[in-house]
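The lines below spell out each chain.
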Amino acid sequence: MSWGTELWDQFDNLEKHTQWGIDILEKYIKFVKERTEIELSYAKQLRNLSKKYQPKKNSKEEEEYKYTSCRAFLSTLNEMNDYAGQHEVISENMTAQITVDLARYVQELKQERKSNFHDGRKAQQHIETCWKQLESSKRRFERDCKEADRAQQYFEKMDADINVTKADVEKARQQAQIRHQMAEDSKADYSSILQKFNQEQHEYYHTHIPSIFQKIQEMEERRIVRIGESMKTYAEVDRQVIPIIGKCLDGIVKAAEAIDQKNDSQLVIEAYKSGFEPPGDIEFEDYTQPMKRTVSDNSLSNSRGDGKPELKFGGKSKGKLWPFIKKNKSPKQQKEPLSHRFNEFMISKPKIHCFRSLKRGLSLKLGATPEDFSNLPPEQRRKKLQQKVDELNKEMQKEADQRDAITKMKDVYLKNPQMGDPASLDHKLTEVSQNIDKLRLEAQKFEAWLAEVEGRLPVRGEQTRRQSGMYDGQGGPTGNSCAQDRESPDGSYTEERSQENEVKVLAADFDDEFDDEEPLPAIGTCKALYTFEGQNEGTISVLEGEILYVIEEDKGDGWTRIRRNEDEEGYVPTSYVEVYLDKNAKGAKTYI
């Protein structure tokens, strides 16, 4: 169906309809634009939500993410971040493929519509002008005919009147002829204009208007097709991201399925295990012994002269009662004056080791943390010391890299003096070297503490016992009971001083010599893929194809510790060797 033949008389309605079509298109563009803004806002909110619950760096929250449930939650946050990215993609694609494209098309459509209706209005005005000309010629022809008829009647009247002169009759006759001629001319003109108007009208309704309306119809149909294609694009933009969104959701499900409650329970054990043994049975204390003793005349003097109280039931001192059980103290138990005991405590040199531990426990209660983490249980202390050693090693590696960079820069300056003064780098190089030395000493100190905790070196009590042979003749038990048996996880003491178990030994400082460190066991072998020249401290040179022993695998820093023989061992880049680990061998621990 053609608008030109069916709607030839609906020019104004078509103009209104096409304007309505453009309004619909602009409304759809506005709808898509608001959808893109919603997608961007939603994506921003999702990203902010994910960022809000991300663990903060160097905080306690980072430690929580070693648990599988927390790692699953972290994976969920990361997947939600990717999920938000897909909504940003939706917004970008809708803006580029729909909003911008349709906005440009609307401008073109308005211009085309304006041009078509301008041509139609021009043709309409032309036919109206022709119609006005036709009406004007028709009225003139009608007027001339009436004038000619009146002139003819007047002539006939004058000719019939015998009183009228011949000249007047002739004059009336000439006037009637003139009017008749004018009527004939008007008739001819009217006929010509009418014929021309009919021709113009035929062309207007059968040529011009159908052509213009056909263009308007095609324009409107293109608009309808275009909005339909935009709706398809609208759906396709959403459909394109569905697989990726599905992968994000699959990632969340996979992370949830990876949660291992047993592993998390084991991590709780590793995190809070103290390493102490549960307290033993509490021994019976017999308070009937003083009642059975016979009071003699010299009992008063003997009670002060012996300096030793009666042995308790079983002849053994009480064991550790922490962390849950408090010691019962009898109000009837005889005690020496506090000043006397304090004087003995301060005068006696063998108790200096216990006094240091007492000071350490006091400092913990005041809020200070010992440098060697001695306030922690053995297992937790080992982890803290290992963490400190790793941090110091990383700092040393950074300083070593900086030293290498400065050295290379100095070599460049030496070869090309115009680039800089080599002497200007000496101060910085010296400063970096001093920092490395300080860090190395610090690391060695913590390694020694770590070795003591892990049992690689004798504990302080045994070292003290070996150096206190001069006191063996006084008949006391070993002297590690003060530091080992009395000290609780919080650094305080839970056992009373037992005079019968008192040991008089010299205190051993931590700086005493340690026994030789046992070499680490081999956990596998490796083959050198390339030749490496170990020029830095701690590295070892290898030749391509050489077979060596692996004593410590890569801990994530890119270096593997190997051994050639008992005297030669060191680090090589992990990428330079191919490692074959022994499945039955236990991995070596890192002490460097």
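As the structure is a prediction and not an experimental result, all values here were calculated from the model. (Residues numbered from 1 in each chain as written. Predicted model: local features only at pLDDT ≥ 70, side-chain atom pairs only at ≥ 80, totals over all residues. Heavy atoms only, no water.)

Undergrad: Would you explain the overall build of the protein in this entry?
TA: Helix and strand counts for the protein come out as 14 helices and 5 strands. Counting all 592 residues of the protein, 30% fall into the buried class. (Helix = DSSP H or I, 4+ residues; strand = E, 2+ residues; numbered from the N terminus. Buried < 20%, exposed > 50% of the residue type's maximum accessible area, 1.4 Å probe, protein only.)

Undergrad: I'm lost on the confidence of the model for the protein in this one. Help?
TA: Should the pLDDT be low somewhere, the predicted coordinates at that spot are not to be read in detail. A residue-level look at the protein finds 74% of positions with pLDDT of 70 or above and a mean pLDDT of 76. Within the protein, helix H2 (residues 11-52) carries the highest mean pLDDT (93), whereas helix H14 (residues 481-484) carries the lowest (37). For the stretch residues 586-592, pLDDT sits under 50, and the model shows 26 contacts to residues farther than four places along the chain or on other chains. (pLDDT = per-residue confidence, 0-100. Contact = heavy atoms within 4.5 Å.)

Undergrad: Would you mind showing me how to read a negative patch on the surface here?
TA: Together, Asp390, Glu391, Glu395 and Asp557 give the surface a local cluster of negative charge. Secondary-structure assignment places Glu395 in helix H11 (residues 378-415). With a relative accessible area of 39%, Glu395 lands in the partly exposed category. (Patch = residues over 30% accessible without salt bridge, like charges linked within 9 Å, V, L, I, M, F, W, Y side chains within 5 Å. Areas by Shrake-Rupley, 256 points an atom, 1.4 Å probe, with all protein chains shown as cover. Salt bridge = Lys/Arg side-chain N within 4 Å of Asp/Glu carboxyl O. Lys, Arg positive; Asp, Glu negative; His and termini not counted. Charge placed at Lys NZ, Arg CZ, Asp CG, Glu CD.)

Undergrad: Looking at this model, I keep getting lost on the pairing of strand E2 (residues 547-552). Mind explaining?
TA: Side-chain positions along a regular strand alternate between the two faces of the sheet. Pairing of strand E1 (residues 524-528) with E2, which is carried by 4 bridges, proceeds in the antiparallel orientation. For Cys526, the partnering residue across the bridge sits in E2 and is Leu548. As paired elements, E2 and strand E3 (residues 559-563) share 3 bridges and run antiparallel to each other. The partner of Val550 across the bridge, within E3, is Ile562. (Pairing = 2+ DSSP bridges.)

Undergrad: In this structure, what is going on with the nonpolar core? I would like to understand it.
TA: With 39 residues, the main nonpolar core has Leu25, Tyr28, Met94, Ile98, Phe213 and Ile216 as its most contacted residues. Contributions of two or more residues to this core are made by H2, helix H4 (68-160) and helix H5 (166-257). Per element, the largest residue contribution to this core is 15 residues, and it comes from H4. Ignoring any residue separated from it by four or fewer positions in sequence, one finds Leu25 in contact with Leu102, Tyr105, Val106, Leu109, Arg223 and Ile227. (Core = buried A, V, L, I, M, F, W, Y, C linked by side-chain atoms within 4.5 Å.)

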